[in-house]
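Reading the structure
Now for the letters of each chain:
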Amino acid sequence: MPPRPGDRRALDVLVDYEAIYPDRTPLPVPVVSIAEDLLGLRVHAAPDLGASGLLAPHDRLILINADEPLERQRFTIAHEIGHWIVHCGARTGTTNATLCRAVSEESHTDLREREADSFGAELLMPTPHVYEAVAVTGANVDILAETFAVSRQAMTWRLFNLRLSRGPETP
Ligand SMILES: [Zn+2]
């Protein structure tokens, strides 16, 4: 089975960002700055959110759960950026007023949630950067998770989806 294709639109966002801020280090991907400086969104961490995150398109606001680990918050921001780009027409010029769903455990079957997850994974762990890093350090989940500032779990799945590892270890 070939590698699962990532969302090309996430790589486009990174290209746009790098064109405007060529001097900023690419890794870990500066996801807050991408949301705020490139896309004109505000990112706000809130306690007791009752979900991992929320995108309020009208307010151009991403709320993230302040009680969750930083790596998880980074993934949530990338996921909400995915909703903004993919579902709210930010790059197509339409003004879709859809309020995007909060991230929750039971939402994984929702196509839009899967699309936002796929976008988020590509944004935080861009295919070319992951291949480059693996060429240098090998498919070492601990090193790669630290380099990309993501959870071990997120990196494990990323390597699996890119066919760079045999998959999550089964207990
Ligand atoms: Zn979502």
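All of the points below concern the structure found in this document. (Residues numbered from 1 in each chain as written. Predicted model: local features only at pLDDT ≥ 70, side-chain atom pairs only at ≥ 80, totals over all residues. Heavy atoms only, no water.)

**Things to note about the sheet that holds strand S1 (residues 42–46)**
Strand order in the open sheet formed by three strands is S1-S3-S2, and the pairing between neighbours is mixed. Each end of this open sheet is capped by a strand with a single partner; those strands are S1 and strand S2 (53–56). On average, each strand axis in the sheet is tilted by 20° relative to the strand beside it, whichever way the strands run. Relative to strand S3 (residues 61–65), S2 runs antiparallel, the two sharing four bridges. The partner of alanine 56 across the bridge, within S3, is leucine 61. Each of S1, S2 and S3 is contacted by helix H3 (residues 70–87), which is oriented at about 150° to S3, the strand it contacts most. (Pairing = 2+ DSSP bridges. Helix = DSSP H or I, 4+ residues; strand = E, 2+ residues; numbered from the N terminus. Axes fitted to C-alpha atoms, helices over the stretch in contact; angles between N-to-C directions. Contact = heavy atoms within 4.5 Å.)

**Structural notes on the packing of helix H1 (residues 8–20) against helix H2 (residues 31–38)**
One can describe the packing of H1 onto H2 by two numbers: an axis separation of 11 Å at closest approach and a directional angle of 75°. When the axes of H1 and H2 are compared, the pair comes out roughly perpendicular. Facing H1, whose interface residues are Val13, Leu14, Asp16, Tyr17 and Ile20, H2 presents Ser33, Ile34 and Leu38. Looking at the contact of H1 with H2 residue by residue, the classes come out as six nonpolar, one polar and one charged. (Parallel < 35°, antiparallel > 145°, perpendicular 65-115°, else oblique. Nonpolar A, V, L, I, M, F, W, Y, C, P; charged D, E, K, R; others polar.)

**Structural notes on the environment of leucine 55**
Inspection of the secondary structure puts leucine 55 in strand S2. Separated by 25 residues in the primary sequence, leucine 55 and glutamate 80 have C-alpha atoms spaced 5.9 Å apart.

**Description of the pattern of salt bridges**
Here the structure, examined in full by the defined rule, presents six salt bridges. When the shortest N-O distance is used, the salt bridge between arginine 9 and aspartate 7 registers 3.0 Å. Note on aspartate 7: relative accessible area 11%, which makes it buried. Taking the shortest distance from any N to any O, the salt bridge between aspartate 142 and arginine 152 comes out at 2.6 Å. You can see aspartate 142 sitting in helix H6 (residues 141–148) and its partner arginine 152 sitting in helix H7 (residues 152–161), a full ten residues away along the chain. (Salt bridge = Lys/Arg side-chain N within 4 Å of Asp/Glu carboxyl O. Buried < 20%, exposed > 50% of the residue type's maximum accessible area, 1.4 Å probe, protein only.)

**Comments concerning the coordination of the zinc ion**
The protein atoms donating to the zinc ion are His79 (NE2), His83 (NE2), Glu113 (OE) and Glu113 (OE), with metal-donor distances spanning 2.0 to 2.6 Å. Here the donor residues of the zinc ion share one chain and are spaced in sequence as H-x3-H-x29-E. Taken together, the residues histidine 79 and histidine 83, both in helix H3 and four residues apart, mark about one turn of the helix. With a relative accessible area of 0%, histidine 83 lands in the buried category. (Donors = N, O, S within 2.8 Å, 3.2 Å for Na, K, Ca; no water.)

**Remarks on unusual backbone geometry**
Of the consecutive residues leucine 27 and proline 28, the connecting peptide bond is found in the cis state with omega at -10°. Of note, proline 28 is situated in the loop between H1 and H2. The backbone of alanine 149 sits at a positive phi, close to 55°, despite the residue not being glycine. Secondary-structure assignment places alanine 149 in the loop between H6 and H7.

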